[in-house]
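# Descriptive structure summary
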Amino acid sequence: MGTEGESGQDRYQKKIMELDMIWRINEQIMSFESLETLLKAILKASLEVMEATSGSIMLNRPARQRYHGYKGVSRSAQGRGE
């Protein structure tokens, strides 16, 4: 189930964080203003749950504008994969 050495309380707290993230993302979707705002909220919540310091969301929509969201990713790494 959880990682070795992880207590039931730790797993419970992590699950609460995950459910909170889902709730916050749902609220963002329901009050959708722009794709950029929504993706920033998803990235922020994902980093919190994963306890990560950096991450990115890259969408490639041919014949439309592209959105690249970054947090804690160096500028040199941001252009890779294009």
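Structure report, in brief. (Residues numbered from 1 in each chain as written. Predicted model: local features only at pLDDT ≥ 70, side-chain atom pairs only at ≥ 80, totals over all residues. Heavy atoms only, no water.)

### Regarding the overall build of the chain
The condition that has to hold: Only runs of H or I of at least four residues qualify as helices and only runs of E of at least two qualify as strands under DSSP, and these elements are numbered from the N terminus. The buried label applies to any residue whose accessible area, calculated with a 1.4 Å probe on protein chains only, is under 20% of its type's maximum; exposed applies above 50%, and partly exposed to all values in between. Note on contacts: a residue pair is in contact if any heavy atoms of the two residues lie within 4.5 Å.
Secondary structure summary: the chain contains three helices and two strands in total. Order of helices (α) and strands (β) in the chain, N terminus to C terminus: α-α-β-β-α. Within the chain, the proportion of its 82 residues that are buried is 17%. Across the chain, the fraction of contacts at a sequence separation of at least 24, relative to all contacts at a separation of at least 6, is 29%.

### Examining the packing of helix H1 (residues 8-30) against helix H2 (residues 35-50)
Under the convention used in this document: For helices, the axis comes from a line fit to the C-alpha atoms of the stretch in contact; other axes are also lines fit to C-alpha atoms, and the angle between any two N-to-C directions lies between 0 and 180 degrees. Here the word oblique covers every angle except those under 35 degrees (roughly parallel), over 145 (roughly antiparallel) and from 65 to 115 (roughly perpendicular). Classification used: nonpolar for Ala, Val, Leu, Ile, Met, Phe, Trp, Tyr, Cys and Pro, charged for Asp, Glu, Lys and Arg, polar for all others including Gly.
Two elements in contact, H1 and H2, have axes whose closest approach is 10 Å; the angle formed by their N-to-C orientations is 175 degrees. Taken together, H1 and H2 sit at an angle that is classed as roughly antiparallel. Mapping the contact onto sequence places Lys14, Met17, Glu18, Met21, Arg24, Ile25, Gln28 and Ile29 in H1 and Thr37, Leu38, Ala41, Ile42, Ala45, Ser46, Glu48 and Val49 in H2. Of the residues assigned to the contact of H1 with H2, the class counts are nine nonpolar, three polar and four charged.

### Quick look at the environment of glutamate 18
Residue placement: glutamate 18 occurs in helix H1. Look at glutamate 18 and you get partly exposed, because its relative accessible area is 22%. Separated by 28 residues in the primary sequence, glutamate 18 and serine 46 place their C-alpha atoms 8.6 Å from one another.

### Quick notes on unusual backbone geometry
Even without being glycine, glutamate 51 reaches a positive phi, approximately 55 degrees. With respect to the helices and strands, the residue glutamate 51 is situated in the loop between H2 and strand E1 (55-59). According to the relative accessible area criterion, glutamate 51 is exposed, its value standing at 67%.

### Focus: the environment of methionine 58
Note that methionine 58 resides in strand E1. Measuring from C-alpha to C-alpha, the distance between methionine 58 and leucine 39 comes to 9.6 Å, with 19 residues separating the pair along the chain.

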